[in-house]
Amino acid sequence: MHRRTPRARDLAPLLRFKQPTWSPKERRLERSLTVEDLRRVAKRRTPRAAFDYTDGAADSEVSLARAREAFADVEFRPAILRDVSAVDTSREVLGQRVALPFGIAPTGFTRMMQTEGEIAGATAAEAAGIPYSLSTMGTTSIEDVAAAAPGGRHWFQLYMWKDRERSMALVDRAAKAGYDTLLVTVDVPVAGARLRDVRNGMTIPPTLTPRTVANALPRPAWWINFLTTEPLAFASLDSWSGTVAELLDTMFDPSVTYDDLVWIRDQWPGKVVVKGVQTVDDARRCADLGVDAVLLSNHGGRQLDRAPVPFHLLPEVVAAVGEDVEVHLDTGIMSGQDVVAAVAHGARFTLIGRAYLYGLMAGGRDGVDRVIDILRGQVERTMRLLGVSTLDELNPDHVVQLVRREPRRP
Ligand SMILES: Cc1cc2nc3c(=O)[nH]c(=O)nc-3n(C[C@H](O)[C@H](O)[C@H](O)COP(=O)(O)O)c2cc1C
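Residues numbered from 1 in each chain as written. Predicted model: local features only at pLDDT ≥ 70, side-chain atom pairs only at ≥ 80, totals over all residues. Heavy atoms only, no water.

Undergrad: Would you take a moment to explain the overall build of the protein for this structure?
TA: If you tally the helices and strands in the protein, you get 18 helices and 14 strands. With the principal axes as the frame, the protein shows a C-alpha extent of 85 × 55 × 45 Å. Taking all contacts inside the protein whose residues are at least 6 apart in sequence as the whole, residues at least 24 apart take part in 76%. Surface summary for the protein: the accessible area is close to 18900 Å², and the carbon and sulfur share equals 53%. Once the 52 positive and 53 negative side-chain charges of the protein are each reduced to a mean point, those two points are 10 Å apart. (Helix = DSSP H or I, 4+ residues; strand = E, 2+ residues; numbered from the N terminus. Contact = heavy atoms within 4.5 Å. Areas by Shrake-Rupley, 256 points an atom, 1.4 Å probe, with all protein chains shown as cover. Lys, Arg positive; Asp, Glu negative; His and termini not counted. Charge placed at Lys NZ, Arg CZ, Asp CG, Glu CD.)

Structure below.
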């Protein structure tokens, strides 16, 4: 081998000094290349009870693990030699164009995860051209969310009470504030067993005990934000002090039935989505009642553990009701590849819950922007690599579900 002395001229092109990023938040977000990366940052920065409330699921958390595993078990079948120089990630969802095939799922107590809470989600969604869903258990009011993102598309999630006046008061406010879609959540007759919350003694608002104080010390930013902003409260409900499970069990009504769904459908002037459909029969029944979409979801694994995996259920439901209603899907989505797989199997639209909350906890509004950017990049790249330039070109031939757990079909 012949060696020579390196010359300055040879080294110069190798030296690429990037402009340093001074803001620690920007640095954290820039370095996060995936939703999992953001989750790790979120965990470092958020008190344990709030992080676990978000990250955790019911009982042994099998539903969530299986939903994520189902996406991991996708095998893509790319088409080659297609012109993918331009890709279009937009489509019609419930009568209006959305820029991306995913939106933000309703999540309760959002200001507890990070103080910018619902406003961060709604404004980031507005900027990205995707819908934002506000939960009944939101910590910012219906009207404040609408005012913060006046050009955005807002959906309202309703937990139905037997007390129709109470349900109606919220539905009225959402309609008046311009929300165009009602997500009626039907998978919470009672609260799921969120064991991490029980073990953490999680309360709303968080209580200061020697353990929570010890856990708070390395996370000063969260506490400073928490203590110097509006006290945490349910914006649409009466105030509450107690555990989450106690609140849920007081609020939810196990006697709600299809009759109540029909009643709500008749009150709401906009589109109706039934959130939490988990069998083909129920999807058929909802479609027959004339709702606009069914959302296949097991509530991110937070309700019935070992519930059906929405992604597995999707092809059968699309075959049964896809002509009559839109079929949407959530639970387990952690990447743009997951979104593309769901769309290929017939989902009109998808929602992200934890994925956006990890971004929120990692960096407030900027963190939610970062999650959306990451997912957008992954959706676009996966579409190109599959050889499609529009979402409508995606079809079941692009995705094979590898079977890890038999039997998959009833
Ligand atoms: C912290 C948290 C709070 C949630 N709160 C609500 C809620 O108030 N109403 C509701 O219908 N769904 C709620 N969900 C469920 C989400 O809307 C969605 O179905 C779920 O997060 C999807 O799964 P993913 O987190 O894997 O994306 C919540 C989920 C999380 C993680």
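From this point, things continue past the structure.
Undergrad: Just checking my understanding: could you explain the pairing of strand 12 (residues 326-329) for this structure?
TA: A regular strand places its side chains so that they alternate between the two faces of the sheet. Burial of the side chains of strand 12 extends over both faces: Glu 326 and His 328 are buried on one face and Val 327 and Leu 329 on the other. One ladder, built from four bridges, connects strand 11 (residues 293-296) with strand 12; its direction is parallel. Bridge pairing in strand 12 links Ala 293 to Glu 326. Considered for its hand, the β-α-β crossover made up of strand 11, helix 16 (residues 310-321) and strand 12 is right-handed. With two bridges joining them, strand 12 and strand 13 (residues 349-352) adopt parallel strand pairing. Bridging from a neighbouring strand, Leu 329 pairs with Thr 350 of strand 13. (Buried < 20%, exposed > 50% of the residue type's maximum accessible area, 1.4 Å probe, protein only. Pairing = 2+ DSSP bridges. Right-handed = clockwise from strand over helix to strand, strands pointing away.)

Undergrad: Help me out: how do you make sense of the site of the ligand in this one?
TA: Close to the ligand lie 25 residues, the nearest being Pro 106, Ser 135, Thr 185, Asp 330 and Gly 332. Here a nitrogen atom of the ligand and a side-chain polar atom of His 299 are 3.3 Å apart. Gly 332 places a main-chain nitrogen or oxygen 2.8 Å from an oxygen atom of the ligand. Isolated, the ligand exposes 600 Å² of accessible area, and the fraction of that covered by the protein chains is 98%. Those elements that provide at least two residues to the shell around the ligand are helix 4 (48-55), strand 6 (154-159) and helix 18 (354-386). Among the residues forming the shell around the ligand, the class breakdown is nine nonpolar, 12 polar and four charged. (Near = heavy atom within 4 Å. Polar contact = N/O pair within 3.5 Å; in protein donor to acceptor, adjacent residues only side chain to side chain. Nonpolar A, V, L, I, M, F, W, Y, C, P; charged D, E, K, R; others polar.)

Undergrad: Got a minute to help me understand the confidence of the model for the protein in this structure?
TA: The predicted structure's coordinates, where accompanied by low pLDDT, should not be read in detail. Averaged over every residue, the pLDDT of the protein is 92; residues scoring 70 or more account for 95%. Looking at the elements of the protein, mean pLDDT is at its lowest for strand 9 (residues 242-243), recorded as 66, and at its highest for strand 13, recorded as 99. (pLDDT = per-residue confidence, 0-100.)

Undergrad: Please clarify how a nonpolar patch on the surface should be interpreted in this entry.
TA: Nonpolar side chains collect at one region of the surface, where Leu 11, Leu 14, Leu 15 and Phe 17 lie side by side and expose about 510 Å² of accessible area between them. With respect to the helices and strands, Phe 17 occurs in the loop between helix 1 (8-11) and helix 2 (24-31). Residue Phe 17 is classed as exposed on the basis of its relative accessible area, which comes to 76%. (Patch = residues over 30% accessible without salt bridge, like charges linked within 9 Å, V, L, I, M, F, W, Y side chains within 5 Å. Salt bridge = Lys/Arg side-chain N within 4 Å of Asp/Glu carboxyl O.)

Undergrad: Would you explain the packing of aromatic side chains in this entry?
TA: Where two aromatic rings form a pair, the distance of their centres and the angle of their planes describe that pair. Counted under the stated rule, the structure contains eight aromatic pairs. With 6.2 Å between their ring centres and 85° between their planes, Phe 156 and Tyr 179 make a pair best called edge-to-face. Of this pair, Phe 156 sits in strand 6 while Tyr 179 is found in the loop between helix 9 (164-176) and strand 7 (181-185), placing the two residues 23 residues apart along the sequence. When its relative accessible area of 4% is taken as the criterion, Tyr 179 is described as buried. (Phe/Tyr/Trp six-rings, centres within 6.5 Å; stacked < 30°, edge-to-face > 60°.)

Undergrad: Explain the pattern of salt bridges to me, please; I cannot follow it from the model alone.
TA: Once their charged atoms are close, side chains differing in charge can pair, the charge on each being opposite to the other. One pass over the structure, following the stated rule, counts 17 salt bridges. In this structure, Arg 196 engages Glu 61 in a salt bridge whose closest nitrogen and oxygen atoms are separated by 2.9 Å. Of the two residues, Arg 196 sits in helix 10 (residues 195-200) while Glu 61 sits in the loop between helix 4 and helix 5 (62-72), which places them 135 residues apart along the sequence. According to the relative accessible area criterion, Arg 196 is partly exposed, its value standing at 23%. Taking the relative accessible area as the measure of exposure, Glu 61 reaches 19% and is therefore buried. Among the ionic pairs, Asp 369 bridges to Arg 365, the shortest N-O distance being 3.1 Å. Here the residue Asp 369 and the residue Arg 365 both occupy positions in helix 18, the gap between them amounting to four residues, near one helical turn. Among the ionic contacts, a cluster of salt bridges with common partners joins Arg 39, Arg 48, Asp 52, Asp 55, Glu 61 and Arg 196.

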